[in-house]
Amino acid sequence: MHRTRILDHAVLILGALFLTLPVVVAFMTSSHEAAAIHSKGLMLSPGGHFVDTYEKVLTRQGGFTGQVTGARMMMNSFILGVGFALGKIVLSMLAAYAIVYFRFRFATLAFWVIFTTLLLPLEVRIMPSYEVMSGLGLINTYTGLIVPLLASATGTFYFRQFFKSVPEELLEAARIDGAGPFKFFIDVLVPLSKTMIAAIFIIMFVYGWNQYLWPMLMTTDERFFTLMRGIKQILQVWIGSQIPDYNEAFALAVLAMLPPVLVVVVFQSWFIKGLTESDK
Amino acid sequence: MKRVQFSSPLLPYLFLAPQLAVIVIFFYWPSVRAIQSSFYLEDPFGFGSTFVGLDNYIGTLLNPEYLAIARFTAIFTALVTFFSLALGLLLAVKADAVIRGNATYKTLLISVYAIAPPVAGLIGMMFFDQHIGPFVKIAAFFGWEMKVGLSYFDTAFAMIVVAVWKQIPYNFIFFLSGLQGLPASVREAAAIDCRSSVKRFWTVIFPLLAPTAFFLLIINVTYALFDTFGVIDVMVKDKAANNPITLVYKVYMDGFRGNDIGGSSAQSVILMIVVFVLTVLQFRFIERRIHYT
């Protein structure tokens with residue numbers, strides 16, 4: 001019995017090292033100078049250039065036109081993440097409320113119209129989506145960045161499941177007390193959903209923050225670049241340079257993964273709950 | 001649905017309107033356009049388009065390059081799915097065995113869950129870099145001269161490692177919550193009946209986890225097919241020539257780089273059918289799972 005325990009720990013330690021070491025190394029290496037990294041390889045201990053590298057990445061004018069800084073890209077990623085999460089919660093709560101709590105003629109049709117969106121991920125319809133967006137003149141706008149991503153059913157699906165689990169008696173009681181649809185929604189349903197809303201908010205924030213393909217297509221103007229778009233940029237500059245700016249690339253990667261890693265670690269239980277409950 | 005419901009002639013439509021508007025404009029319209037333009041040959045200079053029937057599909061499916069990419073996609077998907085599921089399950093079983101007082105492992109193992117595919121790709125590129133990459137040095141020690149970005153096989157290898165790395169935490173979370181949901185009585189009964197813990201796992205525990213495993217199988221196949229786009233885009237650095245790419249990447253390349261709108265659309269529709277089949281499988285399966293839980 002005792003020996004198997006040690007083996008269990010060994011496997012877990014190896015697994016944890018395999019998963020987390022790259023992140024730790026990325027962080028440590030980002031605090032060294034490019035030349036040092038070039039000659040000595042990746043680093044496992046902190047170097048002395050943390051502040052100047054990050055300051056440079058955050059504030060230096062980059063890109064072709066010099067209009068974008070790391071801080072600006074971070075702000076754009078943040079706008080995308082928060083805008084997407086808020087939009088998703090508002091749209092999907094309203095839609096789920098209508099589907100679960102109202103009797104109306106086209107309920108089943110509306111349900112299917114929304115849920116077929118689960119069938120086609122954005123990746124398979126990028127070309128026509130791009131055409132539609134440029135037709136609407138939404139290239140290089142925050143609207144174009146955020147709103148099309150809202151066209152999916154995931155949030156509606158979560159809230160529908162949740163509303164269905166809310167006890168029937170609440171609505172009966174509310175109706176006896178004379179509450180109408182608006183009052184019931186705002187005074188009963190929204191407060192009840194608080195935890196659910198928080199869980200969905202962080203999941204959706206990370207999802208928005210991590211978007212890559214869509215921002216890449218939608219933004220040609222560097223002022224709208226997100227951090228993910230910046231990563232592609234830095235790799236393109238990288239090809240062909242003598243001593244690539246490894247430290248800056250790593251610093252950008254660290255900035256890009258900081259919020260997702262923090263969110264997962266800090267809100268671990270919510271995150272796991274949101275994921276495993278809603279996918280059922 | 002609920003036994004008691006509101007009935008109002010207008011309100012439900014009002015509540016549904018924003019969601020439906022977004023879906024119709026940004027989902028149905030592009031999807032219909034994709035299907036439509038897959039039957040047309042678009043003039044590259046913008047002078048209209050000609051109806052060509054199934055030519056785009058035939059051209060795509062008979063193209064040896066497309067078939068080679070399809071074959072690579074299948075191998076890539078199979079390997080990524082297998083390794084990320086197997087390692088996720090292994091770690092979940094071990095964490096389940098020692099989890100008491102050991103939330104640290106759990107936190108460490110899921111911490112990288114939400115890292116975006118392109119960031120994973122960038123870190124992967126560094127670890128497989130010619131000059132500074134430790135993996136290249138380890139490979140060199142065993143006499144394997146690794147040239148990621150130049151050699152087809154080596155790039156494929158690195159891409160699979162990165163894609164698996166990124167997906168293990170997801171599978172770990174689901175397997176662990178599946179394991180911890182098993183009733184203690186079942187485990188105790190199994191422990192009395194069967195002394196070998198390995199045998200016990202495969203005959204009692206694993207069959208009980210099968211619903212979770214099947215659900216994850218489909219999620220992982222979808223991940224390997226579509227969500228790895230960022231990993232691939234970063235790792236091939238726009239030089240798809242000698243490098244392995246997947247079908248989704250080919251849609252993007254032909255549509256945006258090659259300006260072959262008809263061909264790209266036909267490929268999109270082919271992928272839509274693949275996703276459609278996967279989703280139907282998933283839904284049928286979810287219905288079944290609800291039955292016996």
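Per chain, residue numbering runs from 1 following the sequence as it is written. Lettering for chains starts from A, numbering for ligands starts from 1, and both go in the order in which the items are written. This being a predicted model, a pLDDT of at least 70 is required before a residue's local features are given, and a value of 80 or more before pairs of side-chain atoms are given or counted; all residues contribute to the totals for chains, interfaces and linings.

**Student:** Could you give an account of the environment of Val119(B), with specific residues and numbers?
**Tutor:** On the secondary structure map, Val119(B) appears in helix 5 (residues 117–127). For the pair formed by Val119(B) and Ala213(B), sequence separation is 94 residues and the distance between their alpha carbons is 27 Å. This entry defines residue contacts through backbone-placed C-beta atoms, with two residues in contact when those atoms are within 7 Å. Ignoring anything within four residues of it in the chain, the contact list for Val119(B) reads Ile231(A), Ala253(A), Ala256(A) and Met257(A). By the criteria applied, helices consist of DSSP H or I runs no shorter than four residues and strands consist of E runs no shorter than two, each listed in order from the N terminus.

**Student:** Quick rundown of the packing of helix 4 (residues 70–101) of chain A against helix 11 (residues 194–209) of chain A? Include the residues and the values.
**Tutor:** All names here are of chain A. Only the stretch in contact is used when fitting a helix axis, every axis being a line fitted to C-alpha atoms; angles between N-to-C directions are given from 0 to 180 degrees. As a packed pair, helix 4 and helix 11 sit with axes 7 Å apart at the nearest point and diverge in direction by 140°. By the criterion of interaxial angle, the relationship of helix 4 to helix 11 is oblique. Pair helix 4 / helix 11 crosses with right-handed handedness. Judged by residue contacts, Ser77, Leu80, Gly81, Val82, Phe84, Ala85, Lys88 and Ile89 of helix 4 engage Ile197, Ile200, Phe201, Met204, Phe205, Tyr207, Gly208 and Trp209 from helix 11. Residues are grouped as follows: Ala, Val, Leu, Ile, Met, Phe, Trp, Tyr, Cys and Pro are nonpolar; Asp, Glu, Lys and Arg are charged; every other residue, Gly included, is polar. When its residues are assigned to classes, the contact of helix 4 with helix 11 shows 12 nonpolar, 3 polar and 1 charged. Each angle is binned into one of four classes, with values under 35 degrees roughly parallel, values over 145 roughly antiparallel, values of 65 to 115 roughly perpendicular, and all other values oblique. In this scheme the handedness of a crossing depends on how the near helix is turned from the far one: anticlockwise by less than a right angle means left-handed, clockwise means right-handed.

**Student:** Kindly report on the packing of helix 5 of chain B against helix 10 (residues 229–236) of chain B, identifying the contributing residues and their values.
**Tutor:** The relative placement of two packed helices comes down to the angle between their axes together with the axis-to-axis distance. Residue and element names in this part refer to chain B. It is the contact of helix 5 with helix 10, at a shortest axis distance of 7 Å, that shows an interaxial angle of 35°. Where helix 5 crosses over helix 10, the handedness of that crossing is right-handed. For the pair formed by helix 5 and helix 10, the contact residues are Pro117, Pro118, Ala120, Gly121, Leu122, Gly124 and Met125 on the first element and Phe229, Gly230, Val231, Asp233, Val234 and Met235 on the second. Residues of the contact of helix 5 with helix 10, tallied by class, amount to 9 nonpolar, 3 polar and 1 charged.

**Student:** Describe the interface of chain A and chain B, and please don't skip the residues or the numbers.
**Tutor:** Counting residues at the interface gives 77 residues for chain A, matched by 76 residues for chain B. In terms of residue count, helix 1 (residues 2–29) of chain A provides more of the side of chain A that touches chain B than any other element does, 12 residues in total. Tallied by class, residues from the side of chain A that touches chain B come to 55 nonpolar, 12 polar and 10 charged.

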